[in-house]
Amino acid sequence: MTDRTLPPPGGPHPAPAVASGHPMPARGPRLRPRTGPLVTAAVVAVLAAWGLWATWDTFVVSGRGQYADQLALEGAARGQGVLWELAEPVLGVVSNTFVGLGLAAAVVLALVRGRWWLAAQVAVLVAGSNLTTQVLKHVVLDRPALLDVARADVNTLPSGHTTVAASVAAGLLIAVPRRWRPLVAVAGAAYTGATGVSTLVGQWHRPSDVVAAVLVVLAWGAGVCALSSSSSLDEPRTGTGAGTSGTAGLLLLGAAGSGVLAVGALGSVRGYGWGLPLGGDLTAYMGGMLGVTAVTLASFAALLLVRQSTARP
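Quick caveat: nothing in here was measured; it's all calculated off a predicted structure.

Draft legend 1. Representation of empty space enclosed by the protein within the structure. In the structure shown here, the tally under the stated rule is one cavity of 30 Å³ or more. Its volume calculated, the largest cavity comes out at about 50 Å³. In terms of lining, the largest cavity is formed by Ala166, Ala170, Val214, Val217, Leu218, Ser299, Phe300 and Leu303. Looking at the lining of the largest cavity, the elements that each hand over two or more residues are α6 (160-175), α8 (207-226) and α10 (280-311). For the lining of the largest cavity, a count of residues per class yields seven nonpolar, one polar and no charged.

Dropping the structure here:
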């Protein structure tokens, strides 16, 4: 007969045994998102919202801004026949059905991974972005009639089609596992940029409308990342997301190059900077395309970095 040593009063208790006779493993503390990345995400969201306001204040409220934006709209008439054959199918994809299918795919992906809060983040991102665009365009923002053109006082900022494309792409970027996010960021930037440029080709929107739409989505995307919970974290031992820094760097490099050219074109249109041997409308049109490209690439690079940092366990 063996003796059993009783634990001292208040001392540690033996682990409960299971049927196999082995003690149950102790559960570790539940991981929580780190504070630093959450604050950074919130700052990015605020900066995107400020960029949206600055875009409206510069290109809609200002007479010079309206002039440059209007020239870009008129410049789209050049070569439109050929370009429209490419642009029309891109815009044809965007619809309420597309939003529903894209949102459903991102939400289902999050739910399959057992991430309920992540699914809610995706839903809030897509719904919030598109609702914000419609409210801003039809209720909040106005357009003073500063130019003698048709429908001069009709506000078209932000672009609804671009918001749809960007929000679905951003939702998928947030929902997919870590290792896939760099690829989704590149694909999402390409599709969003193609949609935005297509609205310029079809003379549906001015460049500022498209830029504002991308910034709406960036604000919501960074905002929901700032509200991440344990459900939003990656698995501790999953892939590290190798390629994130390189992908973000390439996107930012493309944004910088496009941005420099866009600023040069805008300066030429406004009477200073480069003296380009092109018509003002064509220069503004090309500058508008480059500006849209720059903002789109930079926004998806920022969203990729924000999502990866807030999801790191």
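There is more to say, and it comes next.
Draft legend 2. Local environment of the nonpolar core. Membership of the largest hydrophobic core comes to 56 residues, with the highest contact counts inside it found for Leu52, Leu157, Leu173 and Ile174. Considering every element that reaches this core, the biggest residue donor is α8, with 12 residues. Other than its neighbours up to four places away in sequence, Leu52 contacts Leu136, Leu157, Ala212, Leu215 and Val216. Grouped together as the second largest cluster of nonpolar side chains are six residues, Phe98, Val99, Val164 and Val168 included.

Draft legend 3. How the structure looks around the pattern of salt bridges. Under the counting rule described, the total for this entry stands at three salt bridges. Between Arg178 and Asp234 there is a salt bridge, with its nearest N and O atoms 2.6 Å apart. Of this pair, Arg178 sits in the loop between α6 and α7 (181-201) while Asp234 sits in the loop between α8 and α9 (244-269), placing them 56 residues apart in sequence. With respect to burial, Arg178 and Asp234 carry one shared label: buried. A salt bridge links Arg181 to Asp234; its shortest N-O distance comes to 2.7 Å. Note that Arg181 is positioned in helix α7 and Asp234 in the loop between α8 and α9, a separation of 53 residues in sequence. Neither residue differs from the other here; Arg181 and Asp234 are each classed as buried. Shared partners join several salt bridges into a network, and the residues in it are Arg178, Arg181 and Asp234.

Draft legend 4. α7, seen in detail. For α7, which comprises 21 residues, the first-to-last C-alpha distance of 30 Å matches the rise-based estimate of 30 Å (1.5 Å per residue) to within 8%. Once α7 ends, the next one or two residues include Gln203, with phi positive near 55°.

Draft legend 5. Up close: the packing of helix α4 (residues 96-112) against α6. Axis separation between α4 and α6 bottoms out at 9 Å; the angle between their running directions is 10°. In terms of orientation, α4 lies roughly parallel with respect to α6. Across the interface between the two elements, Phe98, Val99, Gly102, Ala106 and Leu109 of α4 pack against Val164, Ala165, Val168, Gly171, Leu172 and Ala175 of α6. Tallied by class, the residues present in the contact of α4 with α6 amount to nine nonpolar, two polar and no charged.

Draft legend 6. Main features of the environment of Ala77. With respect to the helices, strands and loops of the structure, Ala77 is situated in the loop between α2 (63-75) and α3 (80-93). What makes Ala77 partly exposed here is its relative accessible area of 45%. Distance from Ala77 to Tyr285, taken between C-alpha atoms, is 9.4 Å for residues 208 residues apart in sequence.

Draft legend 7. Highlighting unusual backbone geometry. That bond from Leu157 to Pro158 is cis: its omega, 0°, falls within 30 degrees of zero. With respect to the helices and strands, Pro158 occurs in the loop between α5 (116-140) and α6. Here Arg151, not a glycine, exhibits a phi torsion of approximately 55°, which is positive. Mapped onto the elements of the fold, Arg151 is located in the loop between α5 and α6. The residue Gln203 is not glycine, and still its phi comes out positive at about 55°. Taking the relative accessible area as the measure of exposure, Gln203 reaches 33% and is therefore partly exposed.

Draft legend 8. Spotlight on the environment of Thr162. Tracing the chain through its elements places Thr162 in helix α6. Non-local contacts of Thr162, meaning those with residues more than four positions away in its chain, are made with Thr192, Thr195, Gly196, Thr199, Val210, Ala213 and Val214.

Conventions we followed
Residues numbered from 1 in each chain as written. Predicted model: local features only at pLDDT ≥ 70, side-chain atom pairs only at ≥ 80, totals over all residues. Heavy atoms only, no water. 1 Å grid on protein atoms, 1.4 Å probe; cavity = no way out; pocket = protein on both sides within 12 Å on 5 of 7 lines; lining within 4 Å. Points joined across faces, edges and corners; volume = space filled by probe spheres on them. Helix = DSSP H or I, 4+ residues; strand = E, 2+ residues; numbered from the N terminus. Nonpolar A, V, L, I, M, F, W, Y, C, P; charged D, E, K, R; others polar. Core = buried A, V, L, I, M, F, W, Y, C linked by side-chain atoms within 4.5 Å. Buried < 20%, exposed > 50% of the residue type's maximum accessible area, 1.4 Å probe, protein only. Contact = heavy atoms within 4.5 Å. Salt bridge = Lys/Arg side-chain N within 4 Å of Asp/Glu carboxyl O. Expected span 1.5 Å × (residues − 1). Axes fitted to C-alpha atoms, helices over the stretch in contact; angles between N-to-C directions. Parallel < 35°, antiparallel > 145°, perpendicular 65-115°, else oblique.

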